[in-house]
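Chains, contacts and geometry: an overview
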2 protein chains.
Amino acid sequence: MELITTVSAMQSISRKSGAAGKSIGFVPTMGFLHEGHLSLIKLARRRADVVVVSIFVNPRQFGPNEDLDRYPRDFERDKALCEVCGADFLFFPPVEEMYVSDASVFVDESELSAGLCGSSRDGHFRGVLTVVAKLFNMVDPQVAVFGQKDAQQAAVIKRMVRDLNFPIEIIVAPIVREADGLAMSSRNTFLKPEERQQALWLNKSLLLAESMVKNGENGGGAVESAMRKLLAENAPGVDLEYIAVVDSTSLKPQDTIVAGTLIALAARVGNTRLIDNIVVEM
Amino acid sequence: MELITTVSAMQSISRKSGAAGKSIGFVPTMGFLHEGHLSLIKLARRRADVVVVSIFVNPRQFGPNEDLDRYPRDFERDKALCEVCGADFLFFPPVEEMYVSDASVFVDESELSAGLCGSSRDGHFRGVLTVVAKLFNMVDPQVAVFGQKDAQQAAVIKRMVRDLNFPIEIIVAPIVREADGLAMSSRNTFLKPEERQQALWLNKSLLLAESMVKNGENGGGAVESAMRKLLAENAPGVDLEYIAVVDSTSLKPQDTIVAGTLIALAARVGNTRLIDNIVVEM
């Protein structure tokens, strides 16, 4: 595995791969890799000739009161994990290589990014789309893999690929969970033991939603109420930000749950913001 | 020359050219081609293995009160001219191929696009950048050629290429003028004979600026005043929108004119909006 730290070196590798007829599979990450990330890298490995993983904690997708400064990092461990999972190139640019000081062009989305996490994270998806567009232009992949854990991000990126005509196939890989059901997240490292116990109720509320749907309940409002009740009664330490019952592509609210409906939530547990979701099967 | 009307056909051609190690030179236009456009195509011909010209009158860069409906078109003539100038592919997508009805992703720029034409054409550069980003992702050129006549557009597109890391070299080709000095524009066709005589004073005011600078005047304000005076005294039919004395890369106002300073103007003559500019040599 080769470590790349400049845009020009990355673009040169992309060009050479293209000229050699080799496809590139790309996994953009913010590092502090967990099994969820590794599943994305392994998926890219199966789908492309050359696998590029990027690690870049993107300042522009963090709000002024968010956790950019304390976002967890462990480069040496990440590097070893990328190598083990079969990455060919680890792209790890410093911030000043990614953004010139007077950068003034951005990519934004006006529909899917407004609700859910977008309601509380002003500018977040603009930051995400801008950096992902940049990374796409640096890596020039045929396939890029994102995680379903960030369901809204995946939907917004798919929309960008469609609307800006990036010739890239977006693959969204399933959520990987800890043994106790908690969705894997780099931010789980922040949770104190008692907070972690509280956080488990997020997944439990989604499992409740799933079982209600399986038993014939298809009312979005009824399911949301039951989830809220479960959390209120069992998890006082969970500060719920939203529960959304929406179409998984358009992210438009759905009164009636159907196959493919996304049930997503965000909550704060202690100082840690967590998200989780399920896509309903029927 | 081959006519292409779908995005998928265009992207397939780009892919094949890339795999064959052939570079693509790209000239995006809105059609109704004149000598200015043809100079861009010829330049692309000298710089790349494969030349793609696009013709697309982009609705999203016209304001609600602008001239989208009456923008001049002559496809058969354009096609013949592209062929004569050595284009290999003419990309001529219908609007519905370019934009899905619920498109919600856009590219925008916050500094260079605010002044000059951006002051009066709200959303214009967002429309330009979004369609150019789309076209870049469809055509995947190594080189793209734009005209200096649209000086602000060229600066904003260069900024986009820099900030979003498109691996594309942007070439800006000099303004081509009619024998009487009028900058070539598809919109010149709208000018009545007496309007055209008035419009000539735009270039004359720029020539005055040039000669003042050549004679040692380097004050932006003094040059602008002299230009305004010349137009006021000789061209009552010219409704001046702005004269800008700015750095040609950052488009920031310059009190002192130096080599590379852009002197740009926009005016309405009858119902026709015209722009023109010079870059100062010293």
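Quick caveat: nothing in here was measured; it's all calculated off a predicted structure.

1. Comments concerning the overall build of chain A
When helices and strands are counted, chain A shows nine helices and 10 strands. At 19 Å, chain A has a C-alpha radius of gyration in line with the 19 Å of a compact globule built from 282 residues. Once the C-alpha set of chain A is aligned to its principal axes, its extents read approximately 55 × 40 × 35 Å. When burial is assessed residue by residue, chain A has 44% of its 282 residues classed as buried. For chain A, long-range pairs separated by at least 24 residues make up 71% of all intrachain contacts whose partners lie at least 6 apart in sequence.

2. Quick notes on the interface of chain A and chain B
Listed as interface residues are 28 residues of chain A and, on the opposing side, 28 residues of chain B. Among the elements of the structure, α1 (7-19), β5 (105-109), α6 (124-139) and α7 (151-163) of chain A are those that each provide at least two residues to the side of chain A that touches chain B. Per-element accounting of the side of chain A that touches chain B gives the leading share, five residues, to β5 of chain A. Looking at the side of chain A that touches chain B residue by residue, the class counts come to 14 nonpolar, seven polar and seven charged.

3. What about the domain arrangement of chain A?
How big an interface is tends to be stated in terms of accessible area lost as the parts join. Residues and elements named next belong to chain A. As assigned here, chain A comprises domain 1 (2-173) and domain 2 (186-277). If you average the C-alpha positions of domain 1 and of domain 2, the two centres end up 26 Å apart. Listed as interface residues are 14 residues of domain 1 and, on the opposing side, 14 residues of domain 2. Listed by contribution, the elements that provide at least two residues to the side of domain 1 that touches domain 2 are α5 (117-120) and α7. In terms of residue class, the side of domain 1 that touches domain 2 is made up of eight nonpolar, five polar and one charged.

4. Thoughts on the sheet that holds strand β9 (residues 261-269) of chain A
All names here are of chain A. Spatially, the three strands line up as an open sheet ordered β8-β9-β10, and their pairing is antiparallel. Each edge of the open sheet is held by one strand with a lone partner, namely β8 (238-247) and β10 (272-279). The average undirected angle you get between the axes of adjacent strands in this sheet is 15 degrees. Of the pairings in the sheet, the one linking β8 to β9 comprises nine bridges and is antiparallel in character.

5. Looking at the relation of the copies chain A and chain B
Of the transformation placing chain A onto chain B, the axial shift is 0.0 Å and the rotation is 180 degrees, giving an RMSD of 0.0 Å. Here the copies are linked by what is in effect a two-fold axis. For chain A, the minimum C-alpha distance to the rotation axis belongs to Val107 of chain A and amounts to 2.2 Å. Here 100% of the interface residues in chain A have copies in chain B that are interface residues too; the copies meet face to matching face.

6. A few points about the environment of Leu112 of chain B
With respect to the secondary-structure elements, Leu112 of chain B resides in the loop between β5 (105-109) and α5 (117-120). What makes Leu112 of chain B buried here is the crowd of 26 C-beta atoms within 10 Å. Those residues in contact with Leu112 of chain B that lie beyond four places of it in its chain are Ser104 of chain A together with Gln152, Ala155, Val156, Arg159, Ser250 and Leu251 of chain B.

7. A closer look at the sheet that holds strand β7 (residues 169-173) of chain A
Residue and element names in this part refer to chain A. The six strands lie next to each other as β1-β4-β3-β2-β6-β7, forming an open sheet whose pairing is parallel. On the outer flanks of this sheet lie β1 (2-4) and β7, each paired with one strand and no other. Here the strands of the sheet are splayed against their neighbours by 25 degrees on average, with no regard to which way each runs. With five bridges connecting them, strand β6 (residues 143-147) and β7 associate as parallel partners. Across the sheet, the residue bridging to Phe146 is Val172, located in β7. Each of β1, β2 (24-29), β3 (50-55) and β4 (89-91) touches α1; the most contacted strand, β1, lies at about 125 degrees to it.

8. Some words on the pairing of strand β10 (residues 272-279) of chain B
Pairing geometry for strand β9 (residues 261-269) of chain B and β10 of chain B, over eight bridges, is antiparallel. Bridge pairing in β10 of chain B places Ala266 of chain B opposite Ile275 of chain B.

9. As for unusual backbone geometry
Although it is not a glycine, Asp140 of chain A adopts a positive phi angle of roughly 50 degrees. Of the residues examined, Asp140 of chain A has 23 C-beta atoms within 10 Å and is grouped as buried. A positive phi angle, close to 60 degrees, is found at Leu251 of chain B, a residue other than glycine. Residue placement: Leu251 of chain B occurs in the loop between β8 (238-247) and β9. Since 23 C-beta atoms lie within 10 Å of it, Leu251 of chain B is described here as buried.

10. Notes on the environment of Leu43 of chain B
Among the structural elements, Leu43 of chain B can be located in helix α2 (residues 35-47). Separated by 42 residues in the primary sequence, Leu43 of chain B and Cys85 of chain B place their C-alpha atoms 9.6 Å from one another.

11. A look at α2 of chain B
With 13 residues, α2 of chain B should reach 18 Å at 1.5 Å per residue; the first-to-last C-alpha distance of 18 Å fits that figure. Looking at the buried positions of α2 of chain B, the neighbouring elements they touch are β2 (24-29), β3 (50-55), α3 (75-84), β6 (143-147) and β7 (169-173) of chain B.

12. What to know about the packing of helix α8 (residues 193-214) of chain B against helix α9 (residues 220-234) of chain B
Residue and element names in this part refer to chain B. At a minimum axis separation of 9 Å, α8 and α9 run at an interaxial angle of 145 degrees. Between α8 and α9 the crossing geometry is right-handed. On α9, the residues touching Trp201, Lys204, Ser205, Leu208, Ala209, Met212 and Val213 of α8 are Val223, Ala226, Met227, Leu230, Leu231 and Asn234.

Here is what the cut-offs are and how they apply
- All chains use their own residue numbering, which begins from 1 and follows the written sequence.
- Chain letters start at A and ligand numbers start at 1, both assigned in the order the entries are written.
- Thresholds applied to this predicted model are a pLDDT of at least 70 for local features of residues and 80 or more for the giving and counting of side-chain atom pairs; totals over whole chains, interfaces and linings are not thresholded and use all residues.
- Each helix is a run of DSSP H or I of at least 4 residues and each strand a run of E of at least 2, with the numbering of both proceeding from the N terminus.
- Only C-alpha atoms enter the radius of gyration, while the globule expectation follows 2.2 Å times N to the 0.38, with N the number of residues.
- Put plainly, a residue is buried at 20 or more neighbouring C-beta atoms within 10 Å of its own, exposed at 12 or fewer, and partly exposed in between, counting only other residues' C-beta atoms, which are placed from the backbone.
- With C-beta atoms placed from the backbone, a contact is any residue pair whose C-beta atoms sit within 7 Å.
- Put simply, Ala, Val, Leu, Ile, Met, Phe, Trp, Tyr, Cys and Pro go in the nonpolar bin, Asp, Glu, Lys and Arg in the charged bin, and everything else, Gly too, in the polar bin.
- Domain ranges listed in this record stem from an automatic or a database domain assignment.
- By definition, two strands form a pair when at least two bridges between them are found by DSSP.
- Lines fitted to the C-alpha atoms define the axes, with helices restricted to the stretch that makes contact. Angles between their N-to-C directions range from 0 to 180 degrees.
- Least squares is the method used to superpose the copies, on C-alpha atoms of residues holding a pLDDT of at least 70 in both.
- Every helix has an expected span of 1.5 Å times one less than the residues it contains.
- Handedness of a helix crossing follows the sense of rotation of the near helix relative to the far helix, less than a right angle counterclockwise being left-handed and clockwise being right-handed.

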